[in-house]
Amino acid sequence: MTEILRPERAPETSSILVTGAAGNLGREIVSRLHACGVRVRGLDRHPVNVRPGVESVVGDVTDADVLRASLVGVDAVLLMWPLLDSAPARAILPELTGAAPRVVYLSSSAVDDHRARQTDPIVQVHADMEALLEDAGLRPVVLRSDTLASNARGWAAQLRAGDVVAGPEIARTAVVDERDVAAAAVTALLADGDRLGRGPHVLTGPEVLSRADQVAHLGTALGRRLRFEAVPADLARSQMLADGRPAALVEALVAAAKHRPDSDRVTDTVERLTGRRPGTFAQWAADHAPEFR
């Protein structure tokens, strides 16, 4: 029988740094850590919602000076890397090794340990970051998340304007609710490292979905007949560039659409780490329907 590792309540002296704390996932992690009685420091380029016990540091995790100051008095770090290049991480490794916190790194479930090179730049940077952290002696706990349900928020403008979501087709995966990833991250940050194991811990939702499946679930939640329209990669590239997205990100997204394979993998890791089964995308859509109206 698989052991369930339920999240612990941390001692009041615990202090945890969450990078990317103002993002969809970061906000969820900060909220859950705060509920566990942890002193939380959120580092992001945008201000973090401050409440008693939560400190906001506005800055860039790639800035060694900013990270050094943010690590003072910290017991553990939830690290999310914001770039498509791992090379700048070499400048911050001495800060992490010097402070010696417990490191939990949020990676991608698409990382394939048997490949010399990964399918696309997004997956490659995660594989490179895992290797850099390991080689630096930080012994990170690695959480490899599947596609986050919150990525669907990128369709909100289209759905307010009509009933079609147009975009590049991407690989079918077991889309995971960011609230479940956040709960798993809290367990990883608070649990005894030897008991948890370093992983990689692959976090998935309960069912494999295409983009068309996700759009259909949103339609049910909104009471509308919606459809997904696949856009050829070259046209998608032109549209994303016209929307003002950075060229490097656009090329990475196009490469992911072209080369990342479907995945039928569904794991029990969320339940093992949190004590409850992962939520469905249909439930996520119902919970977030007002954001698409």
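Use the structure listed above.
Moving on to the overall build of the protein. If you tally the helices and strands in the protein, you get twelve helices and nine strands. At 19 Å, the protein has a C-alpha radius of gyration in line with the 19 Å of a compact globule built from 293 residues. C-alpha extents for the protein along the principal axes are approximately 50 × 40 × 35 Å. For the protein, with 293 residues in total, the buried portion stands at 49%. A separation threshold of at least 6 residues defines the contact pool for the protein, and within that pool the share at least 24 residues apart is 76%. When the accessible surface of the protein is split by element, carbon and sulfur atoms take 50% of a total near 13500 Å². Within the protein, one finds 34 positive and 39 negative side-chain charges whose respective centroids are separated by 3 Å.

Time to look at the nonpolar core. Val18, Ile29 and Leu33 are the most contacted members of the largest nonpolar core, which has 34 residues in total. When residues of this core are traced back to their parent elements, those giving at least two are strand 1 (15-19), helix 1 (24-35), strand 4 (76-79), strand 5 (102-108), strand 6 (141-145), helix 6 (178-190) and helix 11 (269-274). In terms of residue count, the dominant contributor to this core is helix 6 (eight residues). When neighbours within four sequence positions are excluded, Leu33 is seen to be in contact with Ile16, Val18, Val38, Val40, Val186, Leu189 and Leu190. Counting residues in hydrophobic clusters, the runner-up holds 21 residues, among them Leu93, Tyr105, Val125 and Leu138.

Side chains of strand 4 alternate between two faces, with Ala76 and Leu78 and Val77 and Leu79 buried alike. Of the pairings in the sheet, the one linking strand 1 to strand 4 comprises three bridges and is parallel in character. The residue bridging Val18 from the neighbouring strand is Leu78, located in strand 4. Bridging between strand 4 and strand 5 involves four bridges; their strand directions are parallel. Bridging across to strand 5, Leu79 finds its partner in Tyr105. Each parallel crossover has a hand, and for strand 4 linked through helix 3 (residues 93-99) to strand 5 it is right-handed.

Next up on the list: the side chain of Ser108. Tracing the sequence through the fold places Ser108 in strand 5. Judged by its relative accessible area of 8%, Ser108 falls in the buried class. For Ser108, the side chain forms a polar contact with the main-chain nitrogen of Ala110, separated by 3.0 Å. Filtering out sequence-adjacent residues up to four positions away, Ser108 remains in contact with Val123, His126, Arg144 and Ser145.

What counts, and at which threshold
- Residues numbered from 1 in each chain as written.
- Predicted model: local features only at pLDDT ≥ 70, side-chain atom pairs only at ≥ 80, totals over all residues.
- Heavy atoms only, no water.
- Helix = DSSP H or I, 4+ residues; strand = E, 2+ residues; numbered from the N terminus.
- Rg over C-alpha atoms; globule rule 2.2 N^0.38 Å.
- Buried < 20%, exposed > 50% of the residue type's maximum accessible area, 1.4 Å probe, protein only.
- Contact = heavy atoms within 4.5 Å.
- Areas by Shrake-Rupley, 256 points an atom, 1.4 Å probe, with all protein chains shown as cover.
- Lys, Arg positive; Asp, Glu negative; His and termini not counted.
- Charge placed at Lys NZ, Arg CZ, Asp CG, Glu CD.
- Core = buried A, V, L, I, M, F, W, Y, C linked by side-chain atoms within 4.5 Å.
- Pairing = 2+ DSSP bridges.
- Right-handed = clockwise from strand over helix to strand, strands pointing away.
- Polar contact = N/O pair within 3.5 Å; in protein donor to acceptor, adjacent residues only side chain to side chain.

So, to be careful, I would describe these as geometric facts and stop short of saying anything about function.
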